[in-house]
Amino acid sequence: MNSDAHVPEWTLISLRPRGQHAPLRRAAQAAGASVVALSPWALQVRDDDASRARLARALAAQRVVFSSPAAVQAAARLLPLNAPRAGIWLAVGAGTAAALRAHTAGPVLAPTRMDSEGLLALPELAALDGLDAGLVTAPGGRGIIAATLVARGATLHRADVYQRVPLPLPPRALQRLRRRPAPWVVALSSGEALELLLAKVPQDLLPRLRASLVVAASARLADQARATGFARVCVADGPLPRQLVQAAHAAIITSASS
C-alpha cells in the first residue's frame with residue numbers, strides 16, 4: 001500500500017488498550033504510516049471466585065456470546081474453555097472467533113459484519129424465548145447485545161471477566177504527536193475509548209485532533225464521532241487493523257489527489 005509516491009506521510013493514532021498496539025502498528029507501517037499510541041485504558045482480568053462462578057454459568061447457557069478477543073483471553077485464564085458443551089458459541093467478529101478457536105475445539109459462529117448489529121442478525125440469536133444466554137464481556141461496552149438478548153426473550157447470564165482501568169494519556173506519546181505533521185488519522189473501534197481521549201487530551205491538541213480524519217470500525221461509531229465534533233469521518237469494512245488502515249489509506253489518497 002505504501003507504493004503511492006504522491007501519498008503524504010501520515011500518522012495513525014491508536015486508542016487500543018495498553019500493550020495491544022502491535023497489530024495496528026504493523027498494518028500502519030505496511031501502509032507507510034507511523035503510529036502514536038494513546039492508550040486511554042489497560043485491561044485487567046477479574047481473578048476471583050465470584051467471577052469464575054458467573055463465567056461457569058454463562059458458559060453453560062444455550063447461547064454463549066463473546067464480545068471481544070480480550071474477553072476470550074480473560075475467560076481462558078479463569079476457566080478452561082475446551083470442556084464439552086451443548087450450547088452454541090458466538091463471537092462478535094473474526095478476531096474474537098480466532099481467539100476462541102485457539103482455546104476450544106467446538107464450532108464457533110461469527111458474522112460477516114463484525115459488530116454488534118452483525119452479531120445480533122445471526123439466525124441463532126433471532127428467537128430466544130425460554131433460552132439461557134451467556135455474555136462473556138467487560139463492564140460497559142456493547143450494551144446493545146445484552147439489551148437485545150433480553151428483549152428477544154433470553155434469560156441473560158452475564159460474566160464480566162475483565163475490566164478496563166483508565167490511564168492518563170502518556171506524556172511522551174503526546175509530545176510525539178505534537179511533532180507529527182498532518183494528516184492525522186484516529187483509528188476508532190471503541191466509543192468509550194474516544195470519550196476518554198476527548199476528556200483527557202490537552203487543550204492545545206484538541207483542535208488538531210478534531211481536524212483529524214476518523215476511521216470508524218462501524219457506522220454506529222462513525223455517528224458517535226460526528227456527534228462529538230469530528231467532521232471528517234469514514235467507515236472501514238470492519239474492526240480489524242488491516243481494514244482500518246486500508247480505509248485510512250484510501251481516504252488519504254483521495255484527499256491528496258483532490
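Because the structure is predicted, anything quoted here is derived from the model rather than measured.

S.K.: When you look at the sheet that holds strand S6 (residues 108–109) in this model, what are you seeing that I'm missing?
M.R.: Working definition: the strands of a sheet are paired by backbone hydrogen bonds and lie parallel or antiparallel to each other. Reading across the sheet, the five strands line up as S6-S5-S4-S7-S8 and stay open at both edges, with parallel pairing between neighbours. Of all the strands in the sheet, just S6 and strand S8 (155–160) have a single pairing partner and so form its edges. Along the sheet, helix H4 (residues 94–101) makes contact with strand S4 (63–66), strand S5 (88–91) and S6, crossing S5 at roughly 135°. Of the strands in this sheet, S4, strand S7 (132–137) and S8 are in contact with helix H6 (residues 143–151), which crosses S8 at around 160°.

S.K.: I would appreciate a short explanation of the pairing of S5 in the present structure.
M.R.: The two faces of a sheet get side chains in turn, since along a regular strand they alternate between them. Of the pairings in the sheet, the one linking S4 to S5 comprises four bridges and is parallel in character. Bridging across to S5, Val64 finds its partner in Trp89. At this point the chain moves from S4, through helix H3 (residues 69–78), to the parallel S5, and the crossover so formed is right-handed. Note that S5 and S6 share two bridges and pair parallel. Residue pairing across strands places Leu90 opposite Leu109, the latter belonging to S6. Between the parallel elements S5 and S6, the chain passes through H4 in a crossover that is right-handed.

S.K.: Would you explain the sheet that holds strand S11 (residues 213–216) in this entry?
M.R.: Read from one edge to the other, the open sheet built from five strands follows the order S2-S1-S10-S11-S12, with strand pairing classed as parallel. In the strand order of this sheet, the two ends are held by strand S2 (33–37) and strand S12 (232–235), each with one partner. Pairs of neighbouring strands in the sheet enclose a mean axial angle of 25°, with direction left out of account. Alignment of strand S1 (residues 10–14) against strand S10 (residues 184–188), held across four bridges, turns out to be parallel. Across the sheet, Ser14 pairs through a bridge with Ala187, a residue of S10. Against the sheet, helix H1 (residues 22–30) contacts S1, S2 and S10, and its axis sits at roughly 155° relative to S2.

Calculation rules
- Residues numbered from 1 in each chain as written.
- Predicted model: local features only at pLDDT ≥ 70, side-chain atom pairs only at ≥ 80, totals over all residues.
- Heavy atoms only, no water.
- Pairing = 2+ DSSP bridges.
- Helix = DSSP H or I, 4+ residues; strand = E, 2+ residues; numbered from the N terminus.
- Contact = heavy atoms within 4.5 Å.
- Axes fitted to C-alpha atoms, helices over the stretch in contact; angles between N-to-C directions.
- Right-handed = clockwise from strand over helix to strand, strands pointing away.

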